[in-house]
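Examination of the molecular architecture
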Amino acid sequence: MKITRIVIPILFLILPILARTFWFYQGDYQRDSKVATPDYASLEMPFPSLSTTRPKNSPDTTSIQTKPKHRVLIDFSHGNNFDLSEIDSLTEELSLTGAQMELSSSSIPLGKILKNISSYVVLAPTNGFTPKEIQSISDFIDRGGRLLIITDPTRNYSMPGIGSDSLESPSLTSYLSSVEVANQIIETFGISFSDDYLYNILNNEGNFRNIILSDIQNNSITQGLSKIVFYSTHSLKTTQTILMKGDQSTLSSRTDQAENTIVAASAFNDNVLAIGDLTFMTSPYVQVNDNSLLVKNIARFLTTGVKRHDLLDHPFLFSRPVDLIIREEIKLNSDMLSEITALQSHFEGLNLEFDFSTETQSDHDLLVLDIYPPDENTTTYMEQFDLTFSYESDDESVLSEYDPGSNLETDEDGLNSETPQENSPSAQTPDPTKKSDLDPQSQSTPTPSGAVPPSTSDITSPTNSNKGATPLPGSISPDIAITPGKIISPTPGEENSGQDGNEENPNTVEIPGFGKLKTRDVGLLLFSTESERNTVIILAENADAIYTMLENLTTDLTNCIIEQGNVAICSMISEADSSTDDEEPLFDGEGNINQSEIDTLFQSPIE
Amino acid sequence: MNEHKPVTLTKAKLFLIIVLPLIAGTLLSFIIPQPVVGLITFDDEIYGFSAKEFNTQITYAREHPEIRAVVIILNSPGGTVVDTESMYMEIARLREKKPVITQIEGIAASGGFYVAVGTDYIIAKPSSMIGNVGVLSFLPDNPSIDENLYSTGPYKLWGFPRDTVMRELEMIKQSFLQAVTLGRGKALKTDAETILRGQIWMGSEALRMGLVDELGSLSYGIEKAARLANISHYRTEDLRILSGLPDPSSLPFFIESPDGLISPYPPNPGIYLLYVPNMEGKQ
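Residues numbered from 1 in each chain as written. Chains lettered and ligands numbered in written order. Predicted model: local features only at pLDDT ≥ 70, side-chain atom pairs only at ≥ 80, totals over all residues. Heavy atoms only, no water.

Counting residues at the interface gives 50 residues for chain B and 44 residues for chain A. Carbon and sulfur atoms make up 63% of the surface buried where chain B meets chain A, a total of about 4,200 Å² over both sides. There are five salt bridges connecting chain B and chain A. Among the salt bridges present, the one from Arg-197 of chain B reaches Asp-256 of chain A, with a minimum N-O distance of 2.9 Å. (Contact = heavy atoms within 4.5 Å. Buried area = accessible area lost by both parts, 1.4 Å probe. Salt bridge = Lys/Arg side-chain N within 4 Å of Asp/Glu carboxyl O.)

Structure follows, in structure tokens:
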């Protein structure tokens, strides 16, 4: 009873409390597990593996001392979205090879600049190329020039302040992407950039945009590479040579698919190289994996091309000091000397030394001035040209006075005629009986720059072992062929007369693929490259014609037709002459040949 | 022989044995507080000021036993990394004691989603914008020197090399991914590569991917929080009011030009867990 009196009140005391508790709370909150949070302390920044230390390259001192063989043009005329300092790794490698780098100038037409260039580098262009420029580039590559073109997704559009004031592309600014501009040039070679970027979410170098490339094809450009990292790259489409591409987990931003992950390609016998990223060669990314080796390979690509060097490269026909050799029969009159002075200024403008010479030097280029037909010295440089000179004369008095069997005599003018040793082809000798303005003994005319024109006794021919007079045939034989180096039977005197020659039987020169031309009407500019020496031979009828040819050489060749790249046929007929002679000029002043005159020229001189 | 005398409960005894204890017990029962589901409304970018106010409310909830569950009503595109992490960590402490639910309203992107995955349960609307997992940052300029401004190290003025910023983003991205995978656990039905694309998904798609738990309304979310907390007959309270914070206000997060145009980027350089929509011209 007493217990009841205690328990019941306690119960009634607790009851409301319990009721309220259960009214609000059906249980306690219990977690299944501890709250999990990221292990921040264990997170680390990802760093790539760096390239191994490369052997220190010592500069090639010989290539620094001599004239650089390869000239590399870096384009800065098309809104190129980069700084020169960003490609230090490439320019340093080029310097080590002895290459000379030039930056394009918007004031000089690209076609002209490319004549003196062996490799052309176009990086992230954002201003369009004109059709003329595109054709110039195509011609440049056609002739063996090399092109490196790089775009980059992070440099796809022009930055403020960058634009081109090129005379040839003044209005194309800022509205084209780098991809569109680059494709203008390379699509013709079977390569095109896509306006995307490649990415890899899981397998990357520090960021999804930085893709790792291990799928590298075996090629001279990719030689030695095992792992490359591109830091944001366009993909490429190509029907040509694939150099590098991403793996199956690398995707394109355009499609989010792995369909096309090519990042580098080459074309046109590996003369065109296209790459979708520029950042890989900038610091510090050039130090990652094999990126620096790729830069070195690119530098080698730019300096190992073999570009065909011919008259189309005018005015850049020479790349070394130039020796001038003038045939002794050519009189150095005032006009001639003033033109030679102009020639010297021309070469100075090209940063080339120029001087008279009596001997050829192996490390110099050569400019030879001669008259028709070329003498034996000159013909030694003409081996590759299949020219046929035809000289005729019915002047028996001339022939009779020229005795090929006579000893070497000095005539009253001091000219030497040489004794023929045998009836073999040899160099042509001047007709001592014919006075002409081709008198090399005239020393009254001052020489330019203190150079002393060579005397007849000073000129030596490297291959002239037989200085005998040309054996003359017993009768006049028309259309006598003169092959280079071996003049069979040219008629002495006729070619040195300075006269127009026999109107009915003009002297002619036959050029393969072009036909016969009257020597009085044309001057020839022959160009050859042998043993690294560039040789230009100017042939014309007389000193005045030589003077005209020199003028062409220092200006342009618009009065000339270039045949097969190494023979320039220049008109010697002025409009005044043609009007007086009732003949039309050979060329119309714009390099176009007058067809009616060609028909006249091609008539046989004997008919 | 003794005879039992009948026990008669006098009124006085009845009162002492039953009524009085009952009254006393009833009065004592009021010690048991009515459970509260606390509501935290976060409708802002995540930056110093907003994160501070949020953490104040979280702290209040943690320190007051009557708050049995918390519902975060979330509508945020994210913001700075450090403030996001601060909110995330405070939520983790609270979750040791009480369930925390996220009710996504308009958007929970980037840092907003980072906060959401740090809670016990995520409820969204079918068209809520969810995801945008990733980090972004402007890179600093390359170090240079000035004749008139001297410092004692190359990065005293610039903070980081450009390359280091890129790699720090990667590190933060990894922490974000860990937060998502740990927070979602077995409910996650998609892979890391998909998550790290940085995409935004609608609520219904996010549900299929396991990024959220359910689609529902706020009232449903509150009930869910109550069930997790094993409470009923609860009341809801705005923790901003309970914690004594003033009325909501926010400072401009994005750059606003004098003519009212708002840029899509925050004014201060830094690293962000932020969704940056095209806001050009937005007033």
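And the narrative resumes.
So, about the packing of aromatic side chains. Within this structure, the stated rule accounts for 14 aromatic pairs over all chains. With centroids separated by 6.1 Å and ring planes inclined at 50°, the aromatic side chains of Tyr-197 of chain A and Tyr-199 of chain A adopt a geometry described as tilted. With relative accessibility at 30%, the residue Tyr-197 of chain A sits in the partly exposed group. Judged by relative accessible area, which is 4%, Tyr-199 of chain A ranks as buried. With centroids separated by 5.7 Å and ring planes inclined at 85°, the aromatic side chains of Phe-42 of chain B and Phe-54 of chain B adopt a geometry described as edge-to-face. Residue Phe-42 of chain B is located in strand S1 (residues 36-42), and its partner Phe-54 of chain B is located in helix H2 (residues 48-63); the two are separated by twelve residues in the primary sequence. One exposure class covers both Phe-42 of chain B and Phe-54 of chain B, and it is buried. A connected cluster of aromatic rings, assembled from ring pairs, spans Tyr-197, Tyr-199 and Phe-208 of chain A. Directly above the aromatic system of Tyr-121 of chain B lies the positively charged group of Lys-224 of chain B, at a separation of 4.5 Å from the ring centroid. (Phe/Tyr/Trp six-rings, centres within 6.5 Å; stacked < 30°, edge-to-face > 60°. Buried < 20%, exposed > 50% of the residue type's maximum accessible area, 1.4 Å probe, protein only. Helix = DSSP H or I, 4+ residues; strand = E, 2+ residues; numbered from the N terminus. Lys NZ or Arg CZ within 6 Å of the ring centre and 35° of its normal.)

Turning next to the state of the cysteines. Two cysteines whose sulfur atoms are joined by a covalent bond form what is called a disulfide. Residues and elements named next belong to chain A. What the rule picks out here adds up to one disulfide over all chains. Disulfide partner of Cys-560: Cys-570, at an S-S distance of 2.0 Å. An S-S torsion of about 105° defines the bridge between Cys-560 and Cys-570 as right-handed. A residue pair is termed long-range when its members are at least 10 positions apart, and Cys-560 in strand S27 (residues 560-563) and Cys-570 in strand S28 (residues 567-571) qualify at ten residues. In terms of burial, Cys-560 and Cys-570 fall into one category: buried. (Disulfide = S-S within 2.5 Å.)

What follows deals with the nonpolar core. Residues and elements named next belong to chain B. The biggest cluster of nonpolar side chains holds 50 residues, and the ones touching the most others in it are Phe-54, Val-70 and Phe-113. Ranked by residue count, the leading element in this core is helix H5 (residues 162-184), at six residues. Once residues lying within four places of it in the same chain are set aside, the contact partners of Phe-113 are Ala-108, Ile-130, Gly-131, Val-133, Phe-176, Val-180 and Leu-211. (Core = buried A, V, L, I, M, F, W, Y, C linked by side-chain atoms within 4.5 Å.)

Residue and element names in this part refer to chain B. Read from one edge to the other, the open sheet built from three strands follows the order S3-S11-S7, with strand pairing classed as antiparallel. The sheet is open, and its two borders are formed by strand S3 (78-80) and strand S7 (136-137), each paired with just one other strand. Pairing geometry for S3 and strand S11 (residues 271-274), over three bridges, is antiparallel. Paired with Thr-80 across the bridge in S11 is Tyr-272. Where helix H3 (residues 81-95) meets the sheet, it contacts S3 and S11, and its direction lies at approximately 115° from that of S3. Along the sheet, H5 makes contact with S7 and S11, crossing S11 at roughly 35°. (Pairing = 2+ DSSP bridges. Axes fitted to C-alpha atoms, helices over the stretch in contact; angles between N-to-C directions.)

Residues and elements named next belong to chain A. Spatially, seven strands are ordered S16-S15-S17-S26-S25-S28-S27 in an open sheet, and the strand pairing comes out mixed. With partners counted over all chains shown, the strands left at the sheet margins are strand S16 (354-356) and S27, one partner each. Shown here is a sheet whose adjacent strand axes are inclined to one another by a mean of 20°, direction ignored. Relative to strand S26 (residues 533-540), strand S25 (residues 522-530) is paired through seven bridges, and the arrangement is antiparallel. Bridged to Phe-527 within S26 is Val-536. Where helix H8 (residues 334-349) meets the sheet, its contacts fall on strand S15 (322-326), S16 and strand S17 (365-371), and the angle it forms with S16 comes to roughly 145°. Seen against the sheet, helix H11 (residues 543-554) touches S17, S25, S26, S27 and S28 and runs at an angle of roughly 140° to S26.

Once that is clear, we can look at the confidence of the model for chain B. Of all residues in chain B, 89% attain a pLDDT of 70 or more, and the chain-wide mean is 89. Below a pLDDT of 50 lies the segment residues 279-283 of chain B, which in the model reaches 15 contacts outside its immediate sequence neighbourhood of four places, other chains included. (pLDDT = per-residue confidence, 0-100.)

Compared with the 21 Å implied by 1.5 Å per residue over 15 residues, the 21 Å span of H3 of chain B between its first and last C-alpha is a close match. Among the residues of H3 of chain B, Val-81, Asp-83, Thr-84, Glu-85, Met-87, Tyr-88, Ile-91, Ala-92, Leu-94 and Arg-95 of chain B are the ones counted as buried. (Expected span 1.5 Å × (residues − 1).)

Below, the discussion takes up the packing of H8 of chain A against H11 of chain A. Residue and element names in this part refer to chain A. Running from amino to carboxyl end, H8 crosses H11 at an angle of 20°, the nearest separation of the two axes being 10 Å. The angle between H8 and H11 places the two elements in the roughly parallel class. Of the two elements, H8 crosses H11, and the hand of that crossing is left-handed. Side by side, H8 and H11 meet where Asp-335, Met-336, Glu-339, Ile-340, Ala-342, Leu-343 and His-346 of the first sit next to Ala-543, Ile-546, Tyr-547, Leu-550, Glu-551, Leu-553 and Thr-554 of the second. Here the residues of the contact of H8 with H11 are counted per class, giving nine nonpolar, two polar and three charged. (Parallel < 35°, antiparallel > 145°, perpendicular 65-115°, else oblique. Left-handed = near helix turned anticlockwise from the far one by under 90°. Nonpolar A, V, L, I, M, F, W, Y, C, P; charged D, E, K, R; others polar.)

With that out of the way, let us pick up a nonpolar patch on the surface. Residue and element names in this part refer to chain A. Nonpolar side chains collect at one region of the surface, where Ile-3, Ile-6, Val-7, Ile-10, Leu-11, Ile-14, Leu-18 and Phe-22 lie side by side and expose about 780 Å² of accessible area between them. In this structure, Val-7 sits in helix H1 (residues 2-24). Relative accessible area serves as the criterion here: at 38%, Val-7 is assigned to the partly exposed category. (Patch = residues over 30% accessible without salt bridge, like charges linked within 9 Å, V, L, I, M, F, W, Y side chains within 5 Å. Areas by Shrake-Rupley, 256 points an atom, 1.4 Å probe, with all protein chains shown as cover.)

A separate point is the environment of Glu-102 of chain A. All names here are of chain A. Following the sequence through the fold, Glu-102 ends up in strand S2 (residues 100-103). When the C-alpha atoms of Glu-102 and Phe-301 are compared, they prove to be 17 Å apart, with 199 residues separating the residues in sequence. In this structure, Glu-102 is in contact with Arg-71, Val-72, Leu-73, Ile-74 and Ile-117, ignoring residues within four places of it in sequence. Within polar-contact distance, the side chain of Glu-102 engages the side chain of Arg-71 at 2.4 Å. (Polar contact = N/O pair within 3.5 Å; in protein donor to acceptor, adjacent residues only side chain to side chain.)

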